[in-house]
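Per-entry structural report
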Amino acid sequence: MEALFQWIPTYGYGMIFLLLVAGVVGLPIPDETLLVFCGYLISKGTLNPVGTFCAALAGSWGGISLSYTIGRTLGLGAVHRFGKYMHLDEARLEKVHQWFDRIGHWALFLGYFIAGVRHFTAIIAGTSKLDFLSFAKYAWPGGLLWVSTFLTLGYFLGENWKRIAESIHTYVLYVSIALLLAAVGYVIFRKTRQAKST
């Protein structure tokens, strides 16, 4: 992280863009902390607010769109090739697509705020053949809200940005684990209920 903090003032907006693309795709980069730090640098006058916002937004949109493309191309090909070993077929993919039509779009919108979910939902969206315009309609506004939230936090936190950013990172991690456990529990509950009814 210390290296990242040095790269941002040195290499500027292009580095913000590249790091966020990589982080949103799934590489181990502390995205929220990075954005809070950029907001802090804006408050210090080190970075221009418009340039920082545009670079961060482009990075978040680029990363989520790349994850979608991976799901749309490599992901779908892998399902077609190895799906029979995982009990995945066109019928199940169609169910996933129907799920996205109902509530999956909101997972794309809110997934930015849940660790490990951003790239996963985008890959699933691509694999389920969700068209790109429908994907972008929800994923891109989610990225806009995410970037705006953490840049604003960094701007107003001032010198306390690092301590609070670490707390935010821990909080996001705990909430993400809790939501994951809740989702797994819900799936197990539904399968158990269906098994009893048959």
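So, here's what we can say about the structure. (Residues numbered from 1 in each chain as written. Predicted model: local features only at pLDDT ≥ 70, side-chain atom pairs only at ≥ 80, totals over all residues. Heavy atoms only, no water.)

**Some thoughts on the overall build of the protein chain**
Here is the rule: Working definition: helices are DSSP H or I runs of at least four residues, strands are E runs of at least two. Numbering for both runs from the N terminus. Exposure classes here rest on a 1.4 Å probe applied to the protein chains alone. A residue is buried below 20% of its type maximum, exposed above 50%, and partly exposed in between. Whether two residues touch is decided by their heavy atoms; if any such pair falls within 4.5 Å, the residues are in contact. The Shrake-Rupley method, run with a 1.4 Å probe sphere, supplies the accessible areas, and residue values consider only the shown protein chains as cover.
Helix and strand counts for the protein chain come out as eight helices and zero strands. For the protein chain, the α and β elements follow one another from N to C terminus as α-α-α-α-α-α-α-α. A total of 198 residues make up the protein chain; the buried ones form 40% of that total. Once local pairs closer than 6 in sequence are excluded, the contacts in the protein chain between residues at least 24 apart make up 79%. As presented, the protein chain carries roughly 11,300 Å² of accessible surface, and 68% of it is formed by carbon and sulfur atoms.

**Re the packing of aromatic side chains**
Formally: Two aromatic rings from Phe, Tyr or Trp, using only the six-membered ring of Trp, form a pair when their centres are within 6.5 Å; if the ring planes differ by under 30 degrees the pair is stacked, by over 60 it is edge-to-face, and anything between is tilted.
According to the stated counting rule, one finds eight aromatic pairs in the structure shown. Residues Y68 and F135 carry aromatic rings whose centres are separated by 4.5 Å and whose planes lie at 25° to one another, so their mutual orientation is stacked. Taken together, the residues Y68 in helix α4 (residues 49-82) and F135 in helix α7 (residues 132-157) connect sequence positions 67 residues apart. For Y68, a relative accessible area of 5% translates into the label buried. A centroid spacing of 5.7 Å and a plane angle of 40° characterise the contact between F132 and F135, whose relative ring orientation is tilted. Taken as a pair, F132 and F135 lie in helix α7 at a separation of three residues, close to a single helical turn. A network of ring pairs unites the aromatic residues W61, Y68, F132, F135 and W140 as a single cluster.

**Things to note about helix α2 (residues 13-25)**
To keep it simple, the criterion reads: Expected helix span is taken as 1.5 Å per residue step, with the number of steps being one fewer than the number of residues.
For α2, built from 13 residues, the straight-helix expectation of 18 Å at 1.5 Å per residue is met to within 8% by its first-to-last C-alpha distance of 18 Å. All of the buried residues in α2 are M15, I16, L19, L20, V21, A22, G23 and V24.

**So, helix α1 (residues 2-11)**
Residues lying three or four places apart along an α-helix face the same way, a consequence of the helix completing one turn every 3.6 residues. How we decide: Here, the arc refers to the directions that run from the helix axis to the C-beta atoms.
For α1, the complete set of buried residues consists of L4, F5 and I8. Buried residues of α1, seen end-on, are gathered within an arc of 105° and therefore sit on one face of the element. Looking at α1, the residues exposed on the side facing more than 90 degrees away from the buried face are Q6, T10 and Y11. Positive phi shows up at G12, right after α1, with a value of about 70°.

**Remarks on the packing of α1 against helix α3 (residues 31-44)**
Heads up, the condition is: Angles shown run from 0 to 180 degrees and are taken between the N-to-C directions of axes, each axis being a line fitted to C-alpha atoms and, for helices, limited to the stretch in contact. Any angle between 65 and 115 degrees counts as roughly perpendicular, while under 35 counts as roughly parallel, over 145 as roughly antiparallel, and the rest as oblique. The sense of a crossing depends on the near helix, which, turned anticlockwise from the far helix by less than a right angle, makes the crossing left-handed and, turned clockwise, makes it right-handed.
Contact pair α1 / α3: the axes reach a minimum separation of 11 Å and the direction vectors enclose 45°. Classified by the angle between their axes, α1 and α3 sit oblique to one another. Where α1 crosses over α3, the two elements pack in a sense that is right-handed. Every residue of α3 that contacts α1 at F5, I8 and P9 is listed here: T33, L34, F37, C38 and L41.

**Quick look at the packing of α2 against α3**
In a packed pair of helices, the relevant descriptors are the angle between the two axes and the axis-to-axis distance. Note the cut-off: We call Asp, Glu, Lys and Arg charged. Ala, Val, Leu, Ile, Met, Phe, Trp, Tyr, Cys and Pro are nonpolar, and the rest, Gly among them, are polar.
One can describe the packing of α2 onto α3 by two numbers: an axis separation of 10 Å at closest approach and a directional angle of 160°. Compared by their axis directions, α2 and α3 come out roughly antiparallel. As for how α2 packs across α3, the hand of that crossing is left-handed. Contacts between α2 and α3 involve I16, L19, L20, G23 and V24 from the first element and D31, L34, L35 and C38 from the second. Its residues assigned to classes, the contact of α2 with α3 comprises seven nonpolar, one polar and one charged.

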